[in-house]
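# Examination of the molecular architecture
Chain by chain, the residues run as shown.
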Amino acid sequence: MKRILILYSEVMGYTKACIDQLASDFNVEILMFQLDKLKLTPYEPDFRQKNVTFYNKSKFSYYKVFFKKCLDFNPTLIFVSGWMDADYLRVAKHYKRMGCRVVSFADNQWKSTLRQNFASIFGRNYLHKYFTNLWVSGIRQYEFAKRMGFKDKSIKYGFVPQTTTYSIHFSKEEINVGE
């Protein structure tokens, strides 16, 4: 059974729908964390599947306890919702070094701003320290990933969560890694 660690910012209804699909369609065990200290909405997900374990990250007041929970789970695949949390990045970096596939969702659009151009020149390797792949939703996000130095084969296309439906499609390629 595959073990998927999901390090997420703020879970919404459409996110829960995607996790429910993943949990029901594949033979996977999921451990999911949510950043809940500065939540923007009162939504609290209710995961009822036996193969999904969900925590608010604030339950783990010390990084070592949070990290140990991730280590004990021993994931075969990791999804990270971005690069805003230092603890998530530390976990991602550890597992990437161990050869685990670590995928980040990227909704950043390439707009050719001064900051983005600077990052594309001097910070191309920054995201590579943490992630093996970026999963993007559109052509501008794809361009962002390319400018950050990700090769075509490391960019996954089709991450399009929506408020009333969902259209993240998990394929066997994304889930059955390392087989």
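Described in the following lines is the structure provided in the data block.

## Some remarks on the sheet that holds strand E4 (residues 77–80)
- Taken together, seven strands build an open sheet; the order of strands is E3-E2-E1-E4-E5-E6-E7 and the sheet is parallel. Here the strands that pair on one side only, and so sit at the sheet edges, are strand E3 (52–56) and strand E7 (155–157). The mean angle between the axes of side-by-side strands here comes to 20 degrees, regardless of whether they run parallel or antiparallel.
- For strand E2 (residues 28–34) and E3, the ladder comprises five bridges, and the chain directions are parallel. Along E3, the bridge assignment pairs Phe33 with Tyr55.
- Here helix H3 (residues 86–97) sits on the sheet and contacts strand E1 (2–8), E2, E4 and strand E5 (101–106); the angle it forms with E1, its principal contact strand, is near 150 degrees.
- Strands E5, strand E6 (133–136) and E7 of the sheet are contacted by helix H5 (residues 139–147), whose axis makes an angle of about 175 degrees with E7.

## Details of unusual backbone geometry
- With a phi close to 55 degrees, Asn74 is a non-glycine residue in the positive phi region.
- Mapped onto the secondary structure, Asn74 falls in the loop between helix H2 (63–73) and E4.
- Of note in this structure, Ser112 is not a glycine but carries a positive phi near 60 degrees.
- Along the polypeptide, Ser112 turns up in the loop between E5 and helix H4 (114–122).

Reading the values: the criteria
Numbers given to residues run from 1 along each chain, matching the order in which its sequence is written. Local features in this predicted model are restricted to residues of pLDDT 70 or higher, and side-chain atom pairs are both shown and tallied only at a pLDDT of 80 or more, whereas totals for entire chains, interfaces and linings draw on every residue. Neither water nor hydrogens contribute to the side-chain values; these are computed over all heavy atoms in the structure. Strand pairing is assigned whenever DSSP detects at least two bridges linking the two strands. Here a strand is any run of E in DSSP of at least two residues, a helix any run of H or I of at least four, and the numbering for each starts at the N terminus. Throughout, an axis means a line fitted to C-alpha atoms (over the contacting stretch in the case of helices), and angles, computed between N-to-C directions, take values from 0 to 180 degrees. Contact between two residues is taken to exist if any of their heavy atoms lie within 4.5 Å; hydrogens are not considered.

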